[in-house]
Amino acid sequence: MRIVACVKYVPDTATKIRIAADGKGVDLTEATFVVNPYDEFAVEEALKLREKHGGEVIVVGAGPEKAQAGLRTCLAMGADSAILVQSDRFERADSFAVGAALAKVCAGLSADLILFGKHAIGVDNSQVPSVVAELLGLPQVSVVVKLDVADGKLRAEREIEGAREIVEGTLPAVVTAQKGLNSPRYASLKGIMAAKKKQIEIRTPEQLGLGEDELAERLATVEVVLPAARPPGKILTGDVADTVPELVRLLHEEAKVI
């Protein structure tokens, strides 16, 4: 069984946000980057399926040279090999461009299953898995919290409001992982040492045949601003009989929550 896990290298959520000098982006020069946390669920699920059914796990990413570090982390977790579509253009590319690059790679791998995290925390738009599924003509199941694969078929459970939805289908397919699907393993010392010896295959957009129509910037950021500062809170003192009516009035007239 050949399983592909697509991963993205993203800024750590603990990064302090600074607006770039041009006001059209975020300054990430001092940011620490990590494997997208939701993609870790995808990698872990791929490894569990390999342990159960055999086969291989290939991690695939699209990004600048520094994204190799994220793929190296996945190799340390136990992935068999890694492929990076390397270009600085992916730092500002939209979902279609990234999805087109990943789809080109996945198309040549004849994967039985393609796994993603449900979204990347860097942009939080959940579009790339759908782009890949559409370009490859594959069915997609999103935000999966339980996955069973056997005999060329899948059975996935998704959390919906007040219940779980069960989706059944055939492979190959695209699946996106939600928190709760599993608990990602930590890389062992043995895994870290082994990962250092593994080669990451580098491909370029040109090698994949991606043209300007696929890599073109379709979106323009007009302005990036921090949210407005919260107004100071109010403390009411005195007897309950006096403060409760005042609290209700403030919640209604000023906070407008009731």
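Use the structure listed above.
Residues numbered from 1 in each chain as written. Predicted model: local features only at pLDDT ≥ 70, side-chain atom pairs only at ≥ 80, totals over all residues. Heavy atoms only, no water.

K.L.:
I keep staring at the sheet that holds strand E5 (residues 81-86) and nothing clicks. Help me out?
P.N.:
As a general point, the strands of a sheet are linked pairwise by backbone hydrogen bonds and lie either parallel or antiparallel. In spatial order, the strands read E9-E8-E7-E10-E6-E1-E4-E5-E11; together these nine strands make up an open sheet with mixed pairing. The open sheet has two edge strands with one neighbour each: strand E9 (163-170) and strand E11 (200-203). On average, each strand axis in the sheet is tilted by 30° relative to the strand beside it, whichever way the strands run. In terms of strand pairing, strand E7 (residues 140-150) meets strand E8 (residues 153-160) through six bridges, oriented antiparallel. Its bridge partner lying in E8, valine 144 is registered against arginine 158. With respect to the sheet, helix H2 (residues 68-77) is in contact with strand E4 (56-63), E5 and E11, its orientation differing from that of E5 by roughly 170°. The strands touched by helix H4 (residues 128-136) within the sheet are strand E6 (113-117), E7 and strand E10 (173-177), with E6 carrying the most contacts at an inclination of about 160°. (Pairing = 2+ DSSP bridges. Helix = DSSP H or I, 4+ residues; strand = E, 2+ residues; numbered from the N terminus. Axes fitted to C-alpha atoms, helices over the stretch in contact; angles between N-to-C directions. Contact = heavy atoms within 4.5 Å.)

K.L.:
I tried to follow the packing of aromatic side chains on my own but got confused; where do I start?
P.N.:
When we look at a pair of aromatic rings, we describe it by the centre distance and by the angle of the planes. Applying the stated criterion to the full structure yields two aromatic pairs. Their ring planes at 35° and their centres at 5.7 Å tell us that tyrosine 9 and phenylalanine 33 sit as a pair that is tilted. Of this pair, tyrosine 9 sits in strand E2 (residues 9-11) while phenylalanine 33 is found in strand E3 (residues 33-35), placing the two residues 24 residues apart along the sequence. With relative accessibility at 16%, the residue phenylalanine 33 sits in the buried group. In this arrangement the basic side chain of lysine 66 is found over the ring face of phenylalanine 33, its NZ or CZ atom lying 3.9 Å from the centre. (Phe/Tyr/Trp six-rings, centres within 6.5 Å; stacked < 30°, edge-to-face > 60°. Buried < 20%, exposed > 50% of the residue type's maximum accessible area, 1.4 Å probe, protein only. Lys NZ or Arg CZ within 6 Å of the ring centre and 35° of its normal.)

K.L.:
I tried to follow the pattern of salt bridges on my own but got confused; where do I start?
P.N.:
Pairing between side chains of opposite charge can happen when their charged atoms approach one another. Overall, the coordinates contain 18 salt bridges when judged by the stated rule. Between arginine 155 and glutamate 168 there is a salt bridge whose closest N-O contact spans 3.7 Å. Of this pair, arginine 155 sits in strand E8 while glutamate 168 sits in strand E9, and the two are 13 residues apart along the sequence. With a closest N to O distance of 2.8 Å, glutamate 253 and arginine 249 form a salt bridge. Here arginine 249 and glutamate 253 lie together in helix H8 (residues 240-253), a separation of four residues that amounts to about one turn. Judged by its relative accessible area of 44%, glutamate 253 falls in the partly exposed class. (Salt bridge = Lys/Arg side-chain N within 4 Å of Asp/Glu carboxyl O.)

K.L.:
When you look at the nonpolar core in this model, what are you seeing that I'm missing?
P.N.:
A general tendency of soluble globular proteins is for nonpolar side chains to be buried together. Formed by 37 residues in total, the largest nonpolar core has its most connected members in Val43, Val59, Leu113, Leu115, Leu147 and Leu154. By residue number, the principal contributor to this core is helix H1 (residues 37-53), which donates seven residues. Counting residues in each nonpolar core, the second largest holds 28 residues, with Val128, Val132, Leu138 and Leu215 among its members. (Core = buried A, V, L, I, M, F, W, Y, C linked by side-chain atoms within 4.5 Å.)

K.L.:
Any chance you could explain the state of the cysteines here in plain terms?
P.N.:
Each disulfide consists of one covalent bond between the sulfur atoms belonging to two cysteines. For the coordinates displayed, the defined rule picks out zero disulfides. The structure places no disulfide on cysteine 74, whose sulfur is separated from the nearest cysteine sulfur, that of cysteine 6, by 11 Å. (Disulfide = S-S within 2.5 Å.)

K.L.:
What's the story with a nonpolar patch on the surface in this structure? I'm lost.
P.N.:
A surface patch of nonpolar side chains, about 460 Å² in accessible area, is lined by Val240, Val244, Val248, Val257 and Ile258. Along the chain, isoleucine 258 falls in the segment after H8. (Patch = residues over 30% accessible without salt bridge, like charges linked within 9 Å, V, L, I, M, F, W, Y side chains within 5 Å. Areas by Shrake-Rupley, 256 points an atom, 1.4 Å probe, with all protein chains shown as cover.)

K.L.:
Help me understand H4, please; the structure alone is not making it clear to me.
P.N.:
Residues spaced three or four apart along an α-helix face the same direction, because each turn holds 3.6 residues. All of the buried residues along H4 are Val128, Pro129, Val131, Val132 and Ala133. Contacts from the buried residues of H4 go to helix H3 (95-107), E6, E7 and E10. At the C-terminal side of H4, glycine 137 shows a positive phi close to 65°.

K.L.:
Which parts of the structure should I look at to understand unusual backbone geometry?
P.N.:
What you tend to see is this: most non-glycine residues have negative phi, and most peptide bonds are trans. For the bond running from leucine 171 to proline 172, omega is 5°, close enough to zero to count as cis. Of note in the backbone geometry, aspartate 124 takes a positive phi value of approximately 60° without being a glycine. Along the chain, aspartate 124 falls in the loop between E6 and H4. In this structure, valine 143 is a non-glycine residue whose phi angle is positive, near 45°. With respect to the element layout, valine 143 can be found in strand E7.

K.L.:
Looking at this structure, I do not really get the packing of H2 against helix H5 (residues 189-197). What am I missing?
P.N.:
It is at 7 Å that the axes of H2 and H5 come closest, and there the two elements cross at 125°. Classified by the interaxial angle, the pair formed by H2 and H5 is oblique. Regarding H2 and H5, the two cross each other, and that crossing is right-handed. In contact with Arg72, Leu75 and Ala76 of H2, H5 contributes Gly191, Ile192, Ala195 and Lys196. (Parallel < 35°, antiparallel > 145°, perpendicular 65-115°, else oblique. Left-handed = near helix turned anticlockwise from the far one by under 90°.)

K.L.:
Looking at this structure, I do not really get the side chain of aspartate 39. What am I missing?
P.N.:
Among the secondary structure elements, aspartate 39 is positioned in helix H1. Here aspartate 39 is buried and forms no salt bridge, its nearest opposite-charge partner lysine 8 lying at an N-O distance of 8.2 Å. Of the polar contacts made by the side chain of aspartate 39, one reaches the backbone nitrogen of lysine 8; its length is 2.8 Å. Dropping the residues within four chain positions of it, aspartate 39 is found in contact with Cys6, Val7, Lys8, Phe116 and Gly117. (Lys, Arg positive; Asp, Glu negative; His and termini not counted. Polar contact = N/O pair within 3.5 Å; in protein donor to acceptor, adjacent residues only side chain to side chain.)

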